[in-house]
Amino acid sequence: MHIIAIVEATKGALAVLAASGLELLGPASLQHFVQVLIARFQLDPDHGAMAWLAHAISPDSVHLAAAAVFFYGALHLLEGWGLWRAKSWASWLGCVTAAAYLPFDVYALFVHPGWIALAVVAVNVIVVWVLARDLLRRRR
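On a predicted model such as this, the values are computed, not experimentally measured, just so you know.

Asker: Talk me through the packing of aromatic side chains; I want residue IDs and the actual numbers.
Answerer: For the structure on display, the rule yields 1 aromatic pair. The ring centre of Phe41 lies 5.8 Å from the NZ or CZ of Arg40, which sits over that ring. Sitting over the ring of Trp129, Arg133 keeps its end group 4.6 Å from the ring centre.

Asker: Any details on the pattern of salt bridges? Residues and values, ideally.
Answerer: Applying the stated rule across the entire model yields 2 salt bridges. Lys11 is the partner of Glu8 in a salt bridge, and the nearest nitrogen-oxygen pair spans 3.2 Å. Residue Glu8 and its partner Lys11 are both found in helix α1 (residues 2-40); the two are separated by 3 residues, about one turn of the helix. For Lys11, a relative accessible area of 31% puts it in the partly exposed group. Here Arg138 and Asp134 are joined by a salt bridge, their closest N and O atoms 3.0 Å apart. Here Arg138 and its partner Asp134 are both found in helix α5 (residues 115-139), 4 residues apart, which amounts to about one turn of the helix.

Asker: How would you summarise the side chain of Glu8 if you had to cite specific residues and measurements?
Answerer: Among the residues examined, Glu8 registers a relative accessible area of 8% and is labelled buried. A distance of 2.4 Å separates the side chain of Glu8 from the side chain of His76, its partner in a polar contact. Apart from residues no more than four positions distant in its own chain, Glu8 is found in contact with His76, Leu77, Glu79, Gly80 and Leu83.

Asker: Tell me what's going on with the environment of Arg137, and back it up with residues and numbers.
Answerer: Its location among the elements puts Arg137 in helix α5. In this structure the C-alpha to C-alpha distance between Arg137 and Leu53, which are 84 residues apart in sequence, comes to 47 Å.

Asker: Mind laying out the packing of α1 against helix α2 (residues 49-56), listing which residues take part and the relevant values?
Answerer: One way to put it is that α1 packs onto α2 with a least axis distance of 9 Å and a crossing angle of 160°. With respect to α2, the element α1 is oriented roughly antiparallel. Relative to α2, the crossing made by α1 is left-handed. On the side of α1, the interface is formed by Gln31, Val34, Gln35, Leu37 and Ile38, while α2 contributes Met50, Ala51, Leu53 and Ala54. In terms of residue class, the contact of α1 with α2 is made up of 7 nonpolar, 2 polar and no charged.

Rules used throughout
Residues numbered from 1 in each chain as written. Predicted model: local features only at pLDDT ≥ 70, side-chain atom pairs only at ≥ 80, totals over all residues. Heavy atoms only, no water. Phe/Tyr/Trp six-rings, centres within 6.5 Å; stacked < 30°, edge-to-face > 60°. Lys NZ or Arg CZ within 6 Å of the ring centre and 35° of its normal. Salt bridge = Lys/Arg side-chain N within 4 Å of Asp/Glu carboxyl O. Helix = DSSP H or I, 4+ residues; strand = E, 2+ residues; numbered from the N terminus. Buried < 20%, exposed > 50% of the residue type's maximum accessible area, 1.4 Å probe, protein only. Polar contact = N/O pair within 3.5 Å; in protein donor to acceptor, adjacent residues only side chain to side chain. Contact = heavy atoms within 4.5 Å. Axes fitted to C-alpha atoms, helices over the stretch in contact; angles between N-to-C directions. Parallel < 35°, antiparallel > 145°, perpendicular 65-115°, else oblique. Left-handed = near helix turned anticlockwise from the far one by under 90°. Nonpolar A, V, L, I, M, F, W, Y, C, P; charged D, E, K, R; others polar.

Have a look at this one:
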């Protein structure tokens, strides 16, 4: 349980740092970075995902993205704290969120088969199993 708590808290801390980085960099720096990537990899500056990203970057979109990433990080930090303290709500939260990722992980395994995709599915299944087992033990 503590291992899952550490992983969740680490994901949360990294997300909060990423949100802070988005706010500190701002839209101008991010747009410059995307333009450098487009030039470096000789991508089409008018079509494709990177071109869309370059056009989508604005002060409002950066603030919205930073807020979403911050919320994601805060939720994982809270989950990690709750799992470390053996709170049942944290087991529920972790079980539901890990189970929500499973369909996407299985889809990714079929679209891009490989040992990394298989490992991601296996780890998420183990996390769901451990947290569901914890919830069942608490119920008895």
